[in-house]
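# An overview of the molecular structure
The lines below spell out each chain.
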Amino acid sequence: MTDKDAGKDGEDPTADFLAEVRPEETPWRTERPPGEEAPERAERPEKWGRAKSAGRAAAKAAPYVQAAALATWIVSGTLDDSDDTGFGDVGSSGEA
């Protein structure tokens, strides 16, 4: 910190400003005294039960779906290469 940043009386105006605007410590972030039990968690109804289970199932199936897509792509490429039906020469029967 330079002398220019500090006020005439040697205080830091930035620190003063931050002390003024800093929020108070919230009660759920303060430390619990030793020996005091933790409060029980409130029961929350599960709103997204089906969506969460569907998401979990999709996440578990994703590697298998990717492997199946890769295998299908490889097989389709192999079949395309071996499909030599001769239709590329349609119209040229060799007769003049």
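Sequence order sets the numbering: in each chain, residues are counted from 1 along the sequence as written. Owing to the predicted nature of the model, reporting of local features is limited to residues with pLDDT of at least 70; listing and counting of side-chain atom pairs is limited to 80 or more, with chain, interface and lining totals taken over all residues. Side-chain measures here rest on the full set of heavy atoms in the structure, leaving out hydrogens and waters.

### Some words on the overall build of the chain
Helix numbering and strand numbering both begin at the N terminus, where a helix is a DSSP run of H or I of at least 4 residues and a strand a DSSP run of E of at least 2. In terms of helices and strands, the chain carries 2 helices and 0 strands. When a residue's accessible area, from a 1.4 Å probe over protein chains only, is under 20% of the maximum for its type it is buried; when over 50% it is exposed; and in between it is partly exposed. The 96 residues of the chain split such that 1% are buried. Carbon and sulfur atoms make up 55% of the accessible area of the chain, which amounts to about 9900 Å² in all. Accessibility throughout is a Shrake-Rupley quantity obtained with a 1.4 Å probe, and a residue counts as covered only by protein chains that appear here.

### Structural notes on a nonpolar patch on the surface
A surface patch of nonpolar side chains, amounting to about 280 Å² of accessible area, comprises Phe17, Leu18 and Val21. You can see valine 21 is positioned in helix α1 (residues 13–21). Among the residues examined, valine 21 registers a relative accessible area of 47% and is labelled partly exposed. Patches in this entry comprise residues that are over 30% relatively accessible and not in a salt bridge; like charges within 9 Å are linked, as are nonpolar side chains (Val, Leu, Ile, Met, Phe, Trp, Tyr) within 5 Å. Any Lys or Arg side-chain nitrogen located within 4 Å of an Asp or Glu carboxyl oxygen qualifies as a salt bridge.

### A few points about a negative patch on the surface
Counted charges follow a simple rule, with Lys and Arg positive, Asp and Glu negative, and His plus the chain ends left uncounted. Lysine's charge is taken at NZ, arginine's at CZ, aspartate's at CG and glutamate's at CD. Taken together, the side chains of Glu36, Glu37, Glu40 and Glu43 define an acidic patch exposed on the protein surface. With respect to the helices and strands, the residue glutamate 37 is situated in the loop between α1 and α2 (49–82).

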